[in-house]
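Overview (structure and organization)
Here are the chains, one letter per residue:
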Amino acid sequence: MAYERDASPLPASSEPPPYWRDRLHQYWQLVRGDRPIGWLLLLWPTWWGLWLAAEGMPPLWPLVVFSLGVWLTRSAGCVINDYADRWLDGAVERTRDRPLVSGAVSGREALAVFAVLTLVAFALVLTMNRLTIYMSVVGVLLAASYPYLKRHTYLPQVYLGVAFGWGIPMAFAAITGNVPAIAWLLYLANIFWATAYDTWYAMVDRDDDLRMGAKSTAILFGDMDLIALGVLYACMLCALLLVGRQAGLGIWYWAALLVAAGLIAYEFRIARSRGRDVCFRAFLHNHWVGATVFVGIAVHFALIKP
């Protein structure tokens, strides 16, 4: 209608948002709720483990527990990472606006959020068997200690794979009551993969990290970074090949690995200049690698089930 088109827009409200809404917004940013890539990179290998352990679609409740647990664990990991990196994040271009650095969230608030997320995740795990519960304690210790390694070692990316791939052996423990050799092989594949994709991520911040004295595999590898990444991805694919052979997976899985290899090759193509933006794109692209491997596993079991 003409009068609706011609009417002057109402002035924007100058009133600040309610306090509770502002706090929720800051906490949502603190746990990276607006950036699901980290959750997805943890979700796919956990689902690899669940589907392999159950030889198909896992029971509904373990699937819910582990899917929610991945989100809660990743969120808690982001919080403790920001708390540990307060000395660094303000000097890094990509992280200088994070809530803890800007002062929008205090250190005490961050620790409280971390505690709440961890307790909710642990409450979910308490519905699983005893072995899974015991293993979850190890998982919390791994996730909480990871952020402090970049001050002391050039291998925090390796430790990231160790910490955030822990859902794989936990998934086998929850479904089968034990952790067979194939679970550890799949876990190893994830360590290679996480080290690779987090090295892309570290290459984004390499100049800032060097200036501040932080350590990473990107700094350790130096000019050999692309070669090292190639070795890491090759080791990941080899481990996944062994997993497929041991589990008796069929053509759909092998096709998925071939597609995953193509996706990885694409990452090297777009990031060969080592620029910040293209390295970050390569990091984000790993979501599709993990999803492709999962599809291969899931389709195999879906087709062989009666």
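This structure is a prediction, so every number in the text was calculated from the model and none was measured. (Residues numbered from 1 in each chain as written. Predicted model: local features only at pLDDT ≥ 70, side-chain atom pairs only at ≥ 80, totals over all residues. Heavy atoms only, no water.)

Points about helix α9 (residues 156–164)
Along α9, the positions that sit buried rather than exposed are P156, Q157, L160, G161, A163 and F164. Here the buried residues of α9 occupy an arc of 170° about the axis, which is enough to place them on one side. Residues of α9 that are buried in the fold lie against α3 (37–54), α4 (60–84), α8 (130–145), α11 (181–204) and α13 (217–221). (Buried < 20%, exposed > 50% of the residue type's maximum accessible area, 1.4 Å probe, protein only. Helix = DSSP H or I, 4+ residues; strand = E, 2+ residues; numbered from the N terminus. Arc of directions from axis to C-beta. Contact = heavy atoms within 4.5 Å.)

Comments concerning the environment of I251
With respect to the helices, strands and loops of the structure, I251 is situated in helix α15 (residues 251–270). The exposed category is assigned to I251, whose relative accessible area is 62%. On a C-alpha basis, the gap between I251 and G296 in space is 8.5 Å, while along the polypeptide they are 45 residues apart.

Considerations on the confidence of the model for the protein
For any part of a model where pLDDT is low, the fine detail of the predicted coordinates should not be relied upon. Per-residue pLDDT for the protein has a mean of 87; in total, 90% of the residues score no lower than 70. Within the model, the stretch residues 1–10 combines pLDDT values under 50 with 0 contacts to residues more than four positions away or in other chains. (pLDDT = per-residue confidence, 0-100.)

What about a nonpolar patch on the surface?
Side chains of L241, I251, W252, W254, L303 and I304 sit close together on the surface and give an oily, nonpolar patch of about 640 Å² of accessible area. Of all elements in the fold, only α15 and α16 (276–304) reach the threshold of two or more residues within the nonpolar patch. Among the elements that make up the nonpolar patch, the one with the highest residue count is α15 (3 residues). Structurally, the position occupied by L241 is in helix α14 (residues 225–247). (Patch = residues over 30% accessible without salt bridge, like charges linked within 9 Å, V, L, I, M, F, W, Y side chains within 5 Å. Areas by Shrake-Rupley, 256 points an atom, 1.4 Å probe, with all protein chains shown as cover. Salt bridge = Lys/Arg side-chain N within 4 Å of Asp/Glu carboxyl O.)

Observations concerning the packing of aromatic side chains
Scanning the entire structure with this criterion turns up 19 aromatic pairs. Residues W51 and F294 carry aromatic rings whose centres are separated by 4.8 Å and whose planes lie at 90° to one another, so their mutual orientation is edge-to-face. Here F294 lies in helix α16 and W51 lies in helix α3, a separation of 243 residues in the sequence. A single burial state applies to W51 and to F294, both of which are buried. Judged by centre distance (6.3 Å) and plane angle (55°), the rings of Y146 and F164 are tilted. A residue pair is termed long-range when its members are at least 10 positions apart, and Y146 in the loop between α8 and α9 and F164 in helix α9 qualify at 18 residues. (Phe/Tyr/Trp six-rings, centres within 6.5 Å; stacked < 30°, edge-to-face > 60°.)

Structural notes on the pattern of salt bridges
Counted by the stated rule, this structure contains 4 salt bridges. Across the pair R206 and D225 runs a salt bridge, and its minimum N-O distance is 2.9 Å. Here R206, found in helix α12 (residues 206–212), pairs with D225, found in helix α14; they are 19 residues apart in sequence, far enough to count as distant. Judged by relative accessible area, R206 falls into the buried class, the value being 13%. For D208, the salt bridge identified is with R276, shortest N-O distance 3.4 Å. Note that D208 is positioned in helix α12 and R276 in helix α16, a separation of 68 residues in sequence. By relative accessible area, D208 is classed as buried at 5%.

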